[in-house]
Amino acid sequence: MLVALDGTVLLMAQPGMRRELGCTTAQLQWTSTGYLVAVAALLVLAGRLGDRYGHRRMLLAGVLGFGAASAGIGLAPTVGWVVGLRVAQGVFGALLQPGTLALLRLCCPPERLGRAIAVRTGAIAVAAGAGPLLGGVLVDGFGWRAVFWINVPVAAVLAAMTLGLRPDRAGTDKQRLDPAGAALLAAALAVLVHALSLVPERGWARTSAELAGAAGLFTVLVVHERRAASPVVPRPVAASRPVAASLVLLLTASAGLFGTLFSTTFRLQDTLRVGPSDTALRMLPLTALMVLGAPAAERALRAQGPRRTALAGVALLVAGIAGLAGPGGGGASVPATAVASALLGAGFAAVMVTATGTVVGDAPAGYAGAVGGLKQTAMNTGPTLGIAAAAASGTGTHGSLPVLAALAAVGLLPAAALPGVALPTPGSPAAALPAAALPAAALPTPAPPAARHAPHDGAAVGGA
C-alpha cells in the first residue's frame, strides 16, 4: 500500500513541483522514469538477496530506505535532487517488494495463502484508488512536498511491524550470486523499460534502436545464464512451467489494463471534456470490483483451480476493453463505461490472485524471493508496454483499444497452461501438507492512467 500510494500521489504533486522548482517537462518526467527504471532493473536481484540473506532483512532495509528517500525529497532544493532521490526510492522499492510475497509464503499455512494473497490484492487496489484523492487533498492543503512527507510515518510503522515478524528461514539459497548475470539482467531491464517509457513521446520508430539494444542484452543474458554455474534466475525457477505461464499472464493482463486506462482517460478528458473528478467517478467501478473480486477469485481458485479461474479473468478483462471500444464506450455513455470498468476490475482481480498465487505457491523451495522479484518485474513492465501500445498505435488513444484487447487476449495462452487442479479446502488432508508437497501451482497473489510513465506494481491494480 505504501508503494501504491506513492505511485499515484506523485502525479498530483508534479504540477506544483514544476512551478516551485522551475523544471522542464523532461526533468519532470524523470521523476517518474528514474524510479521506474531503478525498481524494474533490481527486483529480481533483490529477490535473490532475500533468498540468501533473509526476506525480513530486505523488507526492513527497503522500508527504512524508502522512508528516508521520501524525507529527502521533501527537503530537496532542486529538481536534480528530486530525480536522484527518486532513483534511490526505486532501489529501496525494489528491496521491499519481493520480500512481501516471500514472507507470505513463509508465514501463512498453505490453506490460508490464497486468502492472504486476496487481502493483499484488495489492499493495493484500495491504496491505488485512493491515491489521487489523497494526493489532491495533501497538495491543496500543504503543497507538493506533503505527498512525500506522508511516507515517513507510514514507513516507520511498517519497520516496527517488520521487526515484530518471526525470523524467516534465511540463507536457504546458498548459491553464490553471479555478478555478471545480475548486471546483464539489470541493464537489459533498465534499457527495455526506459525505451518503452519513451514510446508515447517519440513513437516506435525513434525508439527502435534502444529496443534492439535491450533485445541484444537479453540474448547475451540467455547465453550467459546457460553457461553460468549460479544463474541469476535459478534453473529450478526457469524450468517451472506454472511460474513462466503466470509471469506472461501478468505481463499481458497489466499491459491491457493500463493501456486501456490510459486511452480512456485521455478520451474522457481531452475529447469528451470530462473533468478529472468526474473521470475518476466514472471509472470507480474498476476499483470497487478489484476489492470485491479478490476474495471471490480466491474462492473460485479453490473450487475451479488456477486454469479455469485465470481463463475467466482474461475473458472478463477482454470483455471490459471491448465494452469501452464499442458503442457508447470510452465514456460517452456513463452506464456503459461503468459496466466495462466493473468487468475490467473483476477480470484483473481474478488474474492477479491466480497468477500471483501460482507464482508464490509454485516457487521451488528456497527461491520464493526470486520468483517474487520476477512477478514484480512483470507487473512493472506490463503497464509500460500497454501505455506504449495505446499512445503509439497510430490510430489515436481510443482507436488503440482493439489492439489492447488483442494484447490482453494473448493471456489466454498462458492461462490455459496453468494447472487445472483445484485448491484443497481448509481442513482437508491435502490442506495440511507443506507447500512443497502439493501439486505444482496448487496454491494461489490506478494511478491516474493519464501518466505517460507506468506506475510500479503497487499502482498496478488501482482504478482511476
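Before reading further, recall that the structure is shown in the block above.
Our subject in this report is the structure included herewith. The structure displayed is predicted, hence computed values, not measured ones.

Summing up its helical and strand segments, the chain has 17 helices and zero strands in all. Within the chain, buried positions represent 58% of all 464 residues. Of the accessible surface of the chain, which amounts to about 16900 Å², a share of 69% is contributed by carbon and sulfur atoms.

Core analysis: the biggest nonpolar cluster contains 51 residues, and Leu249, Leu257, Leu286, Leu317, Ile321, Leu344 and Phe348 have the highest contact counts within it. Going through the elements one at a time, α8 (179-206), α11 (241-271), α13 (284-325), α14 (334-361), α15 (368-391) and α16 (401-409) are the ones with two or more residues in this core. Formed by 19 residues, the second largest nonpolar core is a distinct cluster that contains Leu21, Ala76, Val79 and Val147.

Here the focus is the environment of Phe148. If you trace the backbone, Phe148 turns up in helix α6 (residues 146-149). For Phe148 and Asp6, which are 142 residues apart along the polypeptide, the C-alpha to C-alpha distance reads 7.6 Å. Discounting residues that sit within four places of it in the chain, Phe148 has contacts with Asp6, Leu10, Met17, Ser70, Ile73, Gly74, Arg86 and Gln89.

Taken as a whole, the second largest pocket holds about 890 Å³ of empty space. Taken together, 27 residues line the second largest pocket, and the ones lying closest to its centre are Met1, Leu59, Thr100, Arg120 and Leu158. The set of elements that each furnish at least two residues to the lining of the second largest pocket consists of α1 (2-21), α3 (55-75), α4 (79-107), α5 (110-142) and α7 (151-163). When grouped by side-chain class, the residues that make up the lining of the second largest pocket number 19 nonpolar, six polar and two charged.

Below, the discussion takes up the pattern of salt bridges. If you walk through the whole model with that rule in mind, you get two salt bridges. Of the charged contacts in the structure, one is a salt bridge between Arg145 and Glu20, with a shortest N-O distance of 2.7 Å. One end of the pair, Arg145, is in the loop between α5 and α6; the other, Glu20, is in helix α1, with 125 residues separating them in the sequence. With relative accessibility at 19%, the residue Arg145 sits in the buried group. By relative accessible area, which is 48% here, Glu20 ends up partly exposed.

We now examine the packing of α11 against α15. Following both chains from N to C, one finds α11 and α15 inclined at 35°, their axes separated by 7 Å at the closest point. The two elements α11 and α15 cross, and the hand of that crossing is right-handed.

Any aromatic ring pair is given by two values, namely how distant the centres are and how the planes are angled relative to each other. On inspection of all chains with the given rule, the structure shows one aromatic pair. On the basis of an interplanar angle of 85° and a centroid distance of 6.2 Å, the ring pair of Trp144 and Phe148 is categorised as edge-to-face. For the pair formed by Trp144 and Phe148, the shared burial category is buried.

The subject of this paragraph is the packing of α5 against α13. Relative orientation of the contacting elements α5 and α13 amounts to 170°, with a least axis distance of 8 Å. Classified by the interaxial angle, the pair formed by α5 and α13 is roughly antiparallel. Of the residues in α13, those touching α5 at Pro110, Glu111, Arg112, Gly114, Arg115, Ala118, Thr121, Gly122, Ala125, Val126 and Gly129 are Thr287, Met290, Val291, Ala294, Pro295, Glu298 and Arg302. Residue classes in the contact of α5 with α13 are distributed as eight nonpolar, five polar and five charged.

Mapped onto the secondary structure, Glu225 falls in helix α9 (residues 208-227). An unpaired buried charge is present at Glu225: no salt bridge exists, and Arg48, the closest side chain of opposite charge, is 6.8 Å distant. One polar contact links the side chain of Glu225 to the main-chain amide nitrogen of Val233, over a distance of 3.1 Å. Not counting the four nearest positions on each side in its chain, Glu225 is found in contact with Gly181, Pro231, Val232, Val233 and Arg235.

So, on to the environment of Leu221. Of note, Leu221 is situated in helix α9. Linking Leu221 and Ala183, residues 38 residues apart in sequence, is a C-alpha distance of 9.3 Å. Leave out the neighbours within four places in its chain, and Leu221 touches Gly181, Leu184, Leu185 and Val232.

Time to look at the environment of Pro335. Checked against the element boundaries, Pro335 lands in helix α14. Spatially, the C-alpha atoms of Pro335 and Arg282 are 8.7 Å apart, while their sequence positions differ by 53 residues.

Definitions and limits used
Residues numbered from 1 in each chain as written. Predicted model: local features only at pLDDT ≥ 70, side-chain atom pairs only at ≥ 80, totals over all residues. Heavy atoms only, no water. Helix = DSSP H or I, 4+ residues; strand = E, 2+ residues; numbered from the N terminus. Buried < 20%, exposed > 50% of the residue type's maximum accessible area, 1.4 Å probe, protein only. Areas by Shrake-Rupley, 256 points an atom, 1.4 Å probe, with all protein chains shown as cover. Core = buried A, V, L, I, M, F, W, Y, C linked by side-chain atoms within 4.5 Å. Contact = heavy atoms within 4.5 Å. 1 Å grid on protein atoms, 1.4 Å probe; cavity = no way out; pocket = protein on both sides within 12 Å on 5 of 7 lines; lining within 4 Å. Points joined across faces, edges and corners; volume = space filled by probe spheres on them. Nonpolar A, V, L, I, M, F, W, Y, C, P; charged D, E, K, R; others polar. Salt bridge = Lys/Arg side-chain N within 4 Å of Asp/Glu carboxyl O. Axes fitted to C-alpha atoms, helices over the stretch in contact; angles between N-to-C directions. Left-handed = near helix turned anticlockwise from the far one by under 90°. Phe/Tyr/Trp six-rings, centres within 6.5 Å; stacked < 30°, edge-to-face > 60°. Parallel < 35°, antiparallel > 145°, perpendicular 65-115°, else oblique. Lys, Arg positive; Asp, Glu negative; His and termini not counted. Polar contact = N/O pair within 3.5 Å; in protein donor to acceptor, adjacent residues only side chain to side chain.

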